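# Architecture and fold: a report
One letter stands for each residue in the lines below.
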Amino acid sequence: MAPMGGQEATVRDARERNRYELVVGNRVLGFADYSLDGGVITVPHVEVEPAARGASLGSVLVRQMLDDVRNRGLSIRPLCPFVRVYIRGHDEYADLVAA
């Protein structure tokens, strides 16, 4: 987890909003929208607050989301270009991509 202003960034699955949220302190600084269809989670969009960019928080969000996808036994359909590039650069997640 990346520290920001002395606080740790955590990622939570906000299922009621169909998104993973990146939280620092009590503020949501980023999110990854998703839809779940059977065993495949589709991620069309990831966003991090402009003021928080440059702190690698987008990567923290995507990594923890992918770890949760793996732990839940799901596959991912990464429609978001940022998620696709992240997976391409981190081979350990390539097996999660839905056929």
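Here the residue numbers are simple positions, counted from 1 along each chain's written sequence. Given that this is a predicted model, residues contribute local features only at a pLDDT of at least 70 and side-chain atom pairs are listed and counted only at 80 or more, while totals for whole chains, interfaces and linings are drawn from all residues. Neither water nor hydrogens contribute to the side-chain values; these are computed over all heavy atoms in the structure.

### Some thoughts on the overall build of the protein
- Helix numbers and strand numbers start at the N terminus; a helix is a DSSP run of H or I with at least 4 residues, a strand a run of E with at least 2. When you go through the protein residue by residue, the secondary structure sums to two helices and six strands.
- Counting from the amino terminus, the protein carries its helices and strands in the arrangement β-β-β-β-β-α-β-α.
- Our radius of gyration is a C-alpha quantity, and the globule rule it is checked against amounts to 2.2 Å times the number of residues to the power 0.38. For 99 residues, the compact-globule estimate of 2.2 N^0.38 gives 13 Å, and the protein sits close to it at 13 Å.
- Projecting the C-alpha coordinates of the protein onto the three principal axes gives extents of approximately 40 × 30 × 20 Å.
- The proportion of buried residues among the 99 residues of the protein is 41%.
- For the protein, the proportion of contacts with a sequence separation of at least 24, taken over those separated by at least 6, is 39%.
- Accessible areas in this description were obtained via Shrake-Rupley with a 1.4 Å probe; residue shielding takes into account the shown protein chains only. Carbon and sulfur atoms make up 49% of the accessible area of the protein, which totals about 5400 Å². For the exposure calls, accessible area comes from a 1.4 Å probe over protein chains only, and a residue counts as buried if that area is under 20% of its type's maximum, exposed if over 50%, partly exposed in between. Pairs of residues are marked as contacts when any of their non-hydrogen atoms sit within 4.5 Å.

### Side note on the packing of aromatic side chains
- Put simply, two rings from Phe, Tyr or Trp (the six-membered ring, in Trp's case) pair if the centres are within 6.5 Å, and we call them stacked under 30 degrees between planes, edge-to-face over 60, tilted for the rest. Counted by the stated rule, this structure contains two aromatic pairs.
- Seen from their ring centres, Y20 and Y34 are 5.3 Å apart, and the 45° between their planes marks the pair as tilted. A residue pair is termed long-range when its members are at least 10 positions apart, and Y20 in strand 3 (residues 19-24) and Y34 in strand 4 (residues 27-37) qualify at 14 residues.
- The class of Y20 is buried, set by a relative accessible area of 1%.

### Thoughts on the pairing of strand 6 (residues 75-78)
- The side-chain alternation of strand 6 yields one buried face, formed by I76 and P78, and one unburied face, formed by S75 and R77.
- Looking at chain direction, strand 5 (residues 40-48) and strand 6 are connected through four bridges and run parallel. Bridging from a neighbouring strand, I41 pairs with I76 of strand 6.
- For crossovers, right-handed means that the path from the first strand over the helix to the second runs clockwise, given strands pointing away from the viewer. Read as a crossover between parallel neighbours, the route from strand 5 over helix 1 (residues 57-71) to strand 6 is right-handed. At least two bridges found by DSSP between two strands are what make those strands a pair.

### Some remarks on the pattern of salt bridges
- A pairing counts as a salt bridge when a side-chain nitrogen of Lys or Arg comes within 4 Å of a carboxyl oxygen of Asp or Glu. The final tally for this structure, using the stated rule, is nine salt bridges.
- The salt bridge partner of R19 is E21, with a shortest N-O separation of 2.9 Å. There is no split in this pair, since R19 and E21 are both buried.
- Its salt-bridge partner being E49, residue R27 comes within 2.9 Å of it at the nearest N-O pair. Residue R27 is located in strand 4, and its partner E49 is located in the loop between strand 5 and helix 1; the two are separated by 22 residues in the primary sequence.

### Focus: the environment of R84
- Structurally, R84 is set in helix 2 (residues 81-89).
- Put simply, R84 and G38 are 46 residues apart on the chain and 21 Å apart in space, counted from C-alpha to C-alpha.
- Each residue touching R84, except ones within four places of it in the same chain, is listed here: P78 and L79.

### Here we look at the environment of E16
- Considering the arrangement of structural elements, one finds E16 in the loop between strand 2 (7-14) and strand 3.
- Among the polar contacts made by the side chain of E16, one reaches the side chain of R17 at a distance of 3.1 Å. Side-chain atoms alone can form a polar contact between residues adjacent in sequence; in general such a contact is a pair of N or O atoms within 3.5 Å, and within protein one must be able to donate a hydrogen while the other accepts it.

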